[in-house]
Amino acid sequence: MEELDVEPPLTLIPELNSEQKQICFEWGPVEMLVCNTVYKKPEQKEERPGCPFIYVVRKDQDVYSHTLRKLFNESHGIFVGLQKDEKEKVGKSRTAQLVRVSKSYRSVIRACMEDSHQMAVSARDPVMRAQHSTQVSILSAMELIWNLCEIMFIEAAPAGPLLLHLLDWVRLHVCDVDNMVCDVLKSESPAKHENFWNAITIFVLQGRMDEARQLLCKEASANPASISMCKILDELMKKMPVLNLGNTQTLTEIELKWQHWHDECQRFLQDGTFASNPRMETICKILLGDENTILEKKDLMTTWYHFLVTRLLYCHPTVKPMELHLYAQSSLDQFLGGESSPEPLDIILLAAFEFDIHQVIKECSIALSNWWFVAHLTDLLDHCSLLQSHNLYFGSNMREYLLLEYASGLFCHHSLWQLAVDYFDYCPEYGRAYLELHIERIPLDTEHKALKVLRICEQRMMSDQVRSICKIMAMKAVRNNRLGSALSWSIRAKDAAFATLISDRFLKDYCERGTFSDLDLIDNLGSAMLLSDRLTFLGKYREFHRMYGEKQFFPAAKLLLTLMTARIAPSSFWMTLLTDALPLLEQKEVIFSADQTYELMRCLEDVMATKSKNKTLQATGSCVHGGTQTTWPMGHGQAVDGQASRPNTVGAHCVQFASYCFII
Amino acid sequence: MEDVVAKYVSQKVSKTRWRPVPATALQPPEVFATGSWDNEENNISIWSVGDFEGLGLSGEYHGEPHLLCDIQHSGDVMDLQFLDQERIVAASSNGTVTIFKHHQNNETLSVSRKWEKAHHYNPSYSSASCTGIVCNSPEIFTVGEDGKINLFTAERTDAVRTLDNADSSTLHAVTYLRTTEILTVNSIGQLKIWDFRQQGNEPSQIFSLTGERVPLHCVDRHPNQQHIVATGGQDGVLSIWDVRQGSMPASLLKAHEAELWEVHFHPSSPDHLFTCSEDGSLWHWDASMDVSGKKSLLHTGGRSSTFLSHSAVNQSIITPWLSNDPAKDRIETTNLISSPTLSINSLDVLRSCLVYGTDAESIYVKKTLFA
C-alpha cells in the first residue's frame, strides 16, 4: 500500500447523524449508498429515530453538470477520432497532428467556458451565478494547464520557438490588458488616461512590441516635449530581435543580435536619455531584463508564470526546455515572496515546467472534481509515446486506469452512458470486462433503447449480454401478454428454451380458444422455425391448418402424419393431431394411402400404450384429453356438423378411428 | 463541411422536424422542433435558424440554431409531427400522445390536448411505448409497442377508432398511403396496409422481406407516386417497395451498417432520398442523375451502393426508384457526415434545408442541400 498523498476530503451528509446511529454503506461502480442502520451507538442510551433516507454518494459530480455535457459529448468525438487515426505517421506530421488534436480539445474547453460564462451572466439566482462562475474558473484553469502541457510535452519545442509558444500562452490567458487598452483608447485623450502607461508596460511585459509602439505614438503626439525620447524608445522596441517560427536563424545568430541590442539599450539607460521620464526609464529597464524592475510590475502581471515568461523574454530568450524548471521555481518563489504558499494550480504548472508528467496528472486528479481532464490529457500524452514506461501496481497502465474511471462515471449517468462505450473499447485490458458489467445494468425502458444496447453488444460479440437483454425483453413481453413480441425476442437471442416455452403458450392458447393468435408472426416464421423443436412444430402445425383451410388435403395429410412419425409433435399433442386426422378420413376422396393409414394406426396404438401405461384401467374411459373437444381444424366446423356428436373421449376415438380404418 | 452548423444541446436528440412552410412562401424553413430521449427530464424544443434571430447578444451572426422555447415532456419523445403551423403532436415512451401548441407571439409552448396511455397492454393497463405517429389535420394515427393502432382527431378527447392487437409484434412506424389508408412497419419485417374504410382488425395487405424477418424501423411514401414506398431496417438496408404488385421489395439497397432509423423522400424533389442510421451516417440518395441521362457516378462519398436484388417489375411510368435495368438504375449516394461517431436518430428535409439530431447531444442544420 502506498502512502496517501493527501487526506481524502470529507463529505458531510447532513441528515445522517453518525453520533446517534450507526451508518452502513454499499459500494456501487462509482457510487455509494449510505444510510442509517437501526443500531444505535453503544454509548447512546435513549432511542432516537434515524434518518429515513438512503443517500447516493457520487464521486464524479461533474458528470451531472448540464453545461459540461457539451464538453463530454464534443470531446468524445475528438477522442474517438484520435484513436482511429493511423499511427503510421511519424516525426513532424505526427506531432502536427497531435497538436491539432490538443488544440481541438482546448477549443472545446473554451466553448464550454463561454457557455458557462453566458449562464453566469444571465443567471438571476446568485447561487447559480456563483456556481457558473466557479465552473468558468475551473475550466479556465484546465485550459491553462492543458495549453502548457501542449507546449511542453506535445509540441516539445526546442529553445527559441519554446519562448514564442510560452509568450502566446501568457497572452492568451492574461487578457486583462485588452480591456484596459480598450478603455484607454476610448477616452478622449488616451495619453492622459490613468492606465495609459500601465497598458504600454503590459504590452512590453508580454513582448507585444508593435502594440506598445502604437500606444507610444499617442504619447509622442500628445506631448511634444517627449518626442525625441519617444523616438529613441520606439527605435529600441523596433530593433528588438525577434525569433520567427519560419526563420532559419541559428540560436547563436540570435544570441549575437540580442547582445548587440542589449548593449544599445544599456547605453541609453546609462547616458540618462530617459532620466526625465521615469516611466520610459522603467520600460527601458524592463527591456534590459532588470528582474527587480520587472518584479515591481507584479500587479500588472498578476501571476507568477507571467513573471516567469517576461523574465525569460528579456533575460534568457534562448532558454532550453531543460533549464525551464530552474527559472520556474525561482520565479514562483520571488513572485510569492514568502507571503503566501503556492496553490494547487501553481504546483501543477511547476510540475509541467519540470517535465514531470506524472506529477501533473496526479496533482490534477487530486485538484479537479472530474476525471474528464486527466483521462483525456493522459490519453493524448500516451499517443505521444510519453507514458509507456509507467505501469501501475494495480490494474493496467495509467492511461487505461484513468479512462476506465472516467467512463465508469459516464456509464452511471442516465443519458451519457452511450459515450462511455467507446472509451471502454479503447481500453485493451479491462475495457471489455467493464463494459460487460456496466451494460447489463442499463435500465431498458423501451424497445428502442433495448435495440440500441443490443446493437452495442452485438457489434462486440457479447453473446451473453445479447441473450440476457433479449430474455429480459421477452419476459417483459410475456408478462404483457405479447406472445408475438416475446417470440421475436427469443428468436433474436436464439434462445431455444424460451422459444419452446412461448410455443407451448401458443399451443395452449390454441387448445383453449380453437384459433391461433398472432398469425402474422407464425405464418412468417421462415427459417427461424428451426430454433426449437416446439417452434418447428408450432409453425408446421399452423401450416397444416392453412393447407387444410385452402383444401390442399393431400399435402396437409402428409404433413400431419410426418409431424407424428418424425416425432416433431410433443407426445401430449398426438391425440389432438389424431383427431385432426378424422375429418381428412371422412372426405369422399381417399386421402390417406393404405401405408399412411397403417402409420396412423401405429401412432394411435402408441398413444394408447402410453396412456394405459400411465393411467389405471378404470381411468381409460374418463381420460379426456385437454384439447380434444376444441381442437378441430379451423374451418372444419361445418364439415363435422353432420356428425351426431363430436367424439370426446379416448375410448370413443378408438372405436370411431378403427371403424374408419376398416372401411378403407 | 463548412455549410453545416452544429449545436450541442445537452440532451440526446430523438427527433427533429421542420415546421411546415406555407406553399406560397418562398423563403427557406427557419423553425424546427426537436425532442429528447433518455434524459431524466425530456423536452420538446423549438429552434430557429432564421437570419435575423441569429443575431446574438454581441450582435454578430453565428448561424447557429437558437432556442425559441421548450416544454417538459414526460417520457422519451418517440415521434414528433407538426399537425399544422402551430401545433405539434408528440409520442411518448409512456404511451401518451400529446398535442403541443406553439404560441408564436410570445414564444411559449403549452399542452393543448393529451391522450394518456393511448397505448397500453391488456389486461394490466400498464403503459406501452407509442412509437410512431402520422397526422393529416385533424386526423392523427398512432402506433405502439402494444401492436395497437389508434385514430384520434384533434377535437375529440377519446379515440375515434382503436385496433387492438392489430399487430402481434411491435409497430415501429406509420405513414399515409392514401387519405384512408395507412402503412405500418413492424419488428418482424412486415409492411402492412390498413384500409380505414373497412371494419375489422385485419390489414388489407401484408408485404414482407422473405424469411429474414429483419425488423423495419421506418417507412416513407413517395410524395407523388403513391405506390412507391421506402422502408429502413435493422440491418441498415433501404428497401423500395411497389405496393401495387408483389409482396416483396422491388429493390434492396445496402448503405448503413446498423439500424436505419429514418427514411425521407424529399417532399418537393422526390428523386432525392435521405436516410440516417445508428452507425452515425446520413446518406443522400440521388436518383435524379438517371432521369436526366447524365453519366452517374457510383463511387462518391467513399462507398458505393450495392444492389442486392431486383425483382422483375415492369414499369409504365419511369421512376428511378423502381427501374429494373441494371445498367440504368444508378443512384448516386453521398455520405453527408465525414466522421461518424454516435447514432443519427432523426432527420428532416424541406426545400433546400436538412436538419438532423444525434445521440451525441447535437443538432445540425445544413441549408444548402443541392448546392
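Please read these numbers as outputs of a predicted model, since none were measured by experiment.

## Topic: the interface of chain B and chain A
Line of reasoning, step 1. Taken residue by residue, the interface counts 49 residues in chain B and 40 residues in chain A.
Line of reasoning, step 2. When the buried surface of chain B facing chain A is broken down by residue, Tyr8, Ser168 and Arg213 of chain B rank first, second and third, together holding 19% of it.
Line of reasoning, step 3. If you look at where chain B meets chain A, you find 5 salt bridges.
Line of reasoning, step 4. For glutamate 361 of chain B, the salt bridge is made with arginine 69 of chain A, and the minimal N-O distance between the two is 2.6 Å.
Line of reasoning, step 5. Along the contact surface separating chain B from chain A lie 29 residue pairs in polar contact (both at pLDDT 80 or more).
Line of reasoning, step 6. Only strand S16 (190-195) and strand S17 (205-208) of chain B provide two or more residues apiece to the side of chain B that touches chain A.
Line of reasoning, step 7. Here the side of chain B that touches chain A is built from residues that sort into 13 nonpolar, 22 polar and 14 charged.

## Topic: the packing of aromatic side chains
Line of reasoning, step 1. Inspection of the entire model under this criterion finds 36 aromatic pairs over all chains.
Line of reasoning, step 2. Among the aromatic residues, those joined into a ring-pair cluster are Tyr510, Phe516, Phe537, Tyr541, Phe544, Tyr548, Phe553 and Phe573 of chain A.
Line of reasoning, step 3. Here the guanidinium or amino end of lysine 298 of chain A rests over the ring plane of phenylalanine 335 of chain A, the centre of that ring lying 5.3 Å away.
Line of reasoning, step 4. We note lysine 12 of chain B situated over the ring of tryptophan 37 of chain B; from NZ or CZ to the ring centre the distance is 4.3 Å.

## A closer look at the packing of helix H5 (residues 176-186) of chain A against helix H6 (residues 196-205) of chain A
All names here are of chain A.
Line of reasoning, step 1. Between H5 and H6, whose axes approach to 9 Å, the crossing angle comes to 140 degrees. Handedness of the H5/H6 crossing: left-handed. Where H5 approaches H6, its residues Val177, Met180, Val181 and Val184 are matched on the opposing element by Phe196, Asn198, Ala199, Ile202 and Phe203.
Line of reasoning, step 2. Here the residues of the contact of H5 with H6 sort into 8 nonpolar, 1 polar and no charged.

## Notes on the side chain of histidine 165 of chain A
Line of reasoning, step 1. Following the sequence through the fold, histidine 165 of chain A ends up in helix H4 (residues 161-173).
Line of reasoning, step 2. Here histidine 165 of chain A falls in the buried class, since its relative accessible area comes to 16%.

## Thoughts on a nonpolar patch on the surface
Residues and elements named next belong to chain A.
Line of reasoning, step 1. Together, Leu33, Ile54 and Val56 line one region of the surface with nonpolar side chains, adding up to about 270 Å² of accessible area.
Line of reasoning, step 2. Looking at the secondary structure, you find isoleucine 54 in the loop between strand S2 (31-40) and strand S3 (55-58).
Line of reasoning, step 3. Overall, the relative accessible area of 58% leaves isoleucine 54 in the exposed class.

## Here we look at the UniProt feature "repeat: WD" (unreviewed entry) in chain B
Line of reasoning, step 1. Per the UniProt record, "repeat: WD" (unreviewed entry) is found at residues 209-251 and 253-286 of chain B.
Line of reasoning, step 2. Taken end to end, residues 253-286 of chain B is 0% helix and 56% strand, and its two terminal C-alpha atoms sit 13 Å from one another.

## Description of the sheet that holds strand S22 (residues 260-265) of chain B
All names here are of chain B.
Line of reasoning, step 1. In space, the 4 strands of this open sheet follow the order S22-S23-S24-S26, with antiparallel pairing throughout. Each edge of the open sheet carries a strand with a single partner, namely S22 and strand S26 (332-335). Taken over all neighbouring pairs, the strand axes of this sheet differ in orientation by 20 degrees on average, direction set aside.
Line of reasoning, step 2. Relative to S26, strand S24 (residues 282-286) runs antiparallel, the two being bridged by 4 bridges. Across the sheet, tryptophan 283 pairs through a bridge with asparagine 335, a residue of S26.

## Remarks on the confidence of the model for chain A
Line of reasoning, step 1. Averaged over every residue, the pLDDT of chain A is 84; residues scoring 70 or more account for 89%.
Line of reasoning, step 2. The least confident element of chain A is helix H30 (residues 650-663) of chain A, whose mean pLDDT is 48; the most confident is helix H19 (residues 417-425) of chain A, at 95.

## Digging into helix H3 (residues 126-155) of chain A
All names here are of chain A.
Line of reasoning, step 1. Relative to the 44 Å expected for 30 residues at 1.5 Å per residue, H3 spans 41 Å between its end C-alpha atoms, a close match to the ideal helical length.
Line of reasoning, step 2. At cysteine 149, H3 is deflected by roughly 30 degrees, the largest bend along its length.
Line of reasoning, step 3. Directly after H3, the chain includes alanine 156, whose backbone phi takes a positive value near 45 degrees.

## Considering the nonpolar core
Line of reasoning, step 1. Core analysis: the largest hydrophobic core is formed by 200 residues, its most contacted members being Trp169 and Leu287 of chain A.
Line of reasoning, step 2. For this core, the leading source of residues is H3 of chain A, giving 12 residues.
Line of reasoning, step 3. Once residues within four sequence positions are removed from consideration, tryptophan 169 of chain A is found in contact with Leu144, Asn147, Leu148, Ile151, Tyr305, Val309, Leu349 and Phe353 of chain A.
Line of reasoning, step 4. Membership of the second largest hydrophobic core comes to 18 residues, among which are Ala250, Leu273, Trp283 and Leu322 of chain B.

## Things to note about the sheet that holds strand S5 (residues 66-73) of chain B
All names here are of chain B.
Line of reasoning, step 1. On the basis of which strands lie adjacent, the open sheet formed by 4 strands has the order S2-S3-S4-S5 and antiparallel pairing. Because the sheet does not close on itself, it has two edges, and the strands there are strand S2 (13-18) and S5. Each strand axis lies, on average, 20 degrees off the axis of its neighbour in the sheet, ignoring direction.
Line of reasoning, step 2. Note that S2 and strand S3 (residues 31-36) share 5 bridges and pair antiparallel. Looking across to S3, one finds that threonine 16 is bridged to threonine 34.

## Section: the confidence of the model for chain B
Line of reasoning, step 1. Here chain B shows a mean pLDDT of 85. Residues at 70 or above account for 85%.
Line of reasoning, step 2. In this model residues 291-317 of chain B is a low-confidence stretch, pLDDT under 50, and it forms 56 contacts with partners more than four residues away in sequence or in other chains.

## Structural notes on the environment of glycine 246 of chain B
Line of reasoning, step 1. Relative to the assigned elements, glycine 246 of chain B resides in the loop between strand S20 (237-242) and strand S21 (251-254).
Line of reasoning, step 2. The class for glycine 246 of chain B is exposed, based on a relative accessible area of 51%.

## Describing the pattern of salt bridges
Residue and element names in this part refer to chain A.
Line of reasoning, step 1. Counted by the stated rule, this structure contains 45 salt bridges over all chains.
Line of reasoning, step 2. Notably, a salt bridge pairs lysine 239 with glutamate 264, separated by 2.7 Å at the nearest N-O pair. Separated by 25 residues along the polypeptide, lysine 239 in helix H8 (residues 227-239) and glutamate 264 in helix H9 (residues 251-270) bring together distant segments of the chain.
Line of reasoning, step 3. The exposure class of glutamate 264 is buried, given its relative accessible area of 12%.
Line of reasoning, step 4. Aspartate 464 serves as the salt-bridge partner of arginine 467, at 2.9 Å between the closest nitrogen and oxygen. With arginine 467 and aspartate 464 both in helix H22 (residues 463-479) and 3 residues apart, the pair spans about one turn of that helix.
Line of reasoning, step 5. Note on arginine 467: relative accessible area 39%, which makes it partly exposed.
Line of reasoning, step 6. One network of salt bridges, in which partners are shared, links Arg106, Arg110, Glu143 and Glu150.

## Comments concerning the pairing of S16 of chain B
All names here are of chain B.
Line of reasoning, step 1. Most of S16 sits out of view: 6 of its 6 residues are buried.
Line of reasoning, step 2. Here S16 shows a buried face lined by Gln190, Lys192 and Trp194 and a second buried face lined by Leu191, Ile193 and Asp195.
Line of reasoning, step 3. Pairing geometry for strand S15 (residues 181-186) and S16, over 5 bridges, is antiparallel. When the bridges of S16 are listed, valine 185 appears paired with leucine 191.
Line of reasoning, step 4. The loop that links S15 with its antiparallel partner S16 comprises 3 residues; one of these, glycine 189, has a positive phi angle of about 75 degrees.
Line of reasoning, step 5. Pairing of S16 with S17, which is carried by 4 bridges, proceeds in the antiparallel orientation. If you follow lysine 192 over to S17, its bridge partner there is isoleucine 206.

## Observations concerning the pairing of strand S14 (residues 171-178) of chain B
All names here are of chain B.
Line of reasoning, step 1. Across the 8 residues of S14, 7 count as buried, placing the element largely inside the fold.
Line of reasoning, step 2. Two strands pair when backbone bridges link them, and S14 and S15 are joined in this way by 6 bridges, in the antiparallel orientation. Bridging from a neighbouring strand, tyrosine 176 pairs with isoleucine 182 of S15.

Here is what the cut-offs are and how they apply
- Residues numbered from 1 in each chain as written.
- Chains lettered and ligands numbered in written order.
- Predicted model: local features only at pLDDT ≥ 70, side-chain atom pairs only at ≥ 80, totals over all residues.
- Heavy atoms only, no water.
- Contact = heavy atoms within 4.5 Å.
- Buried area = accessible area lost by both parts, 1.4 Å probe.
- Salt bridge = Lys/Arg side-chain N within 4 Å of Asp/Glu carboxyl O.
- Polar contact = N/O pair within 3.5 Å; in protein donor to acceptor, adjacent residues only side chain to side chain.
- Helix = DSSP H or I, 4+ residues; strand = E, 2+ residues; numbered from the N terminus.
- Nonpolar A, V, L, I, M, F, W, Y, C, P; charged D, E, K, R; others polar.
- Phe/Tyr/Trp six-rings, centres within 6.5 Å; stacked < 30°, edge-to-face > 60°.
- Lys NZ or Arg CZ within 6 Å of the ring centre and 35° of its normal.
- Axes fitted to C-alpha atoms, helices over the stretch in contact; angles between N-to-C directions.
- Left-handed = near helix turned anticlockwise from the far one by under 90°.
- Buried < 20%, exposed > 50% of the residue type's maximum accessible area, 1.4 Å probe, protein only.
- Patch = residues over 30% accessible without salt bridge, like charges linked within 9 Å, V, L, I, M, F, W, Y side chains within 5 Å.
- Areas by Shrake-Rupley, 256 points an atom, 1.4 Å probe, with all protein chains shown as cover.
- UniProt positions renumbered as here; feature names shortened; annotations may be inferred.
- Pairing = 2+ DSSP bridges.
- pLDDT = per-residue confidence, 0-100.
- Expected span 1.5 Å × (residues − 1).
- Bend = angle between axes of the 7 residues up to and from the residue.
- Core = buried A, V, L, I, M, F, W, Y, C linked by side-chain atoms within 4.5 Å.

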